[in-house]
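# Analysis of the macromolecular model
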Amino acid sequence: MQIKRYILSKTIALLLAMQLFLIGLQVKSRIDQGNSSLEALIWMIQQYIPVLVKIRSLQDKREKNDSPKIKSKR
């Protein structure tokens, strides 16, 4: 079970990194097509924000799952 979770988390990290890389390539393409650097930068930031939010939510979920369980006293 632990190995599956490890492989899944590494796969998700790789896919998110690839998504960020592809956004960077699209920005270069936009600049090459004549868009101003500022326009391309604004577009890039708009694309990065959802990815970064997803990364943060996955980190929070992982930290929550990795934290030791507190036993309640009865």
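This part takes up helix α1 (residues 2–32). Since there are 3.6 residues in each turn of an α-helix, residues three or four apart along the chain are aligned in direction. When the terminal C-alpha atoms of α1 are compared, their 45 Å separation across 31 residues agrees well with the 45 Å that a helix rising 1.5 Å per residue should span. Of the positions making up α1, those classed as buried are L16, I23 and V27. Buried residues belonging to α1 abut α2 (37–66). Once α1 finishes, G34 follows within two positions and takes phi at roughly 110°, a positive value.

Time to look at the nonpolar core. Of all hydrophobic cores here, the largest spans seven residues; its members are L16, I23, V27, A40, W43, M44 and V51. Those elements that provide at least two residues to this core are α1 and α2. Looking at this core element by element, the count peaks at four residues for α2. Beyond its immediate sequence surroundings of up to four residues, V51 is in contact with L16, Q19, L20 and I23.

This paragraph deals with the pattern of salt bridges. All chains considered together, the criterion is met by two salt bridges. A salt bridge links D32 to K28; its shortest N-O distance comes to 3.0 Å. Taken together, the positions of D32 and K28, both in helix α1 and four residues apart, correspond to about one turn of that helix. Overall, the relative accessible area of 55% leaves D32 in the exposed class.

On to the packing of α1 against α2, then. Relative orientation of the contacting elements α1 and α2 amounts to 175°, with a least axis distance of 9 Å. Considered as vectors, α1 and α2 are oriented roughly antiparallel to each other. Residues R5, I12, L16, Q19, L20, I23, G24, Q26, V27, R30 and I31 of α1 touch α2, and the partners they reach there are S37, A40, W43, M44, Q47, Y48, V51, K54, I55, L58 and D66. Here the residues of the contact of α1 with α2 are counted per class, giving 13 nonpolar, five polar and four charged.

What counts, and where the lines are drawn
Residues numbered from 1 in each chain as written. Predicted model: local features only at pLDDT ≥ 70, side-chain atom pairs only at ≥ 80, totals over all residues. Heavy atoms only, no water. Helix = DSSP H or I, 4+ residues; strand = E, 2+ residues; numbered from the N terminus. Expected span 1.5 Å × (residues − 1). Buried < 20%, exposed > 50% of the residue type's maximum accessible area, 1.4 Å probe, protein only. Contact = heavy atoms within 4.5 Å. Core = buried A, V, L, I, M, F, W, Y, C linked by side-chain atoms within 4.5 Å. Salt bridge = Lys/Arg side-chain N within 4 Å of Asp/Glu carboxyl O. Axes fitted to C-alpha atoms, helices over the stretch in contact; angles between N-to-C directions. Parallel < 35°, antiparallel > 145°, perpendicular 65-115°, else oblique. Nonpolar A, V, L, I, M, F, W, Y, C, P; charged D, E, K, R; others polar.

Geometry only, nothing functional implied.
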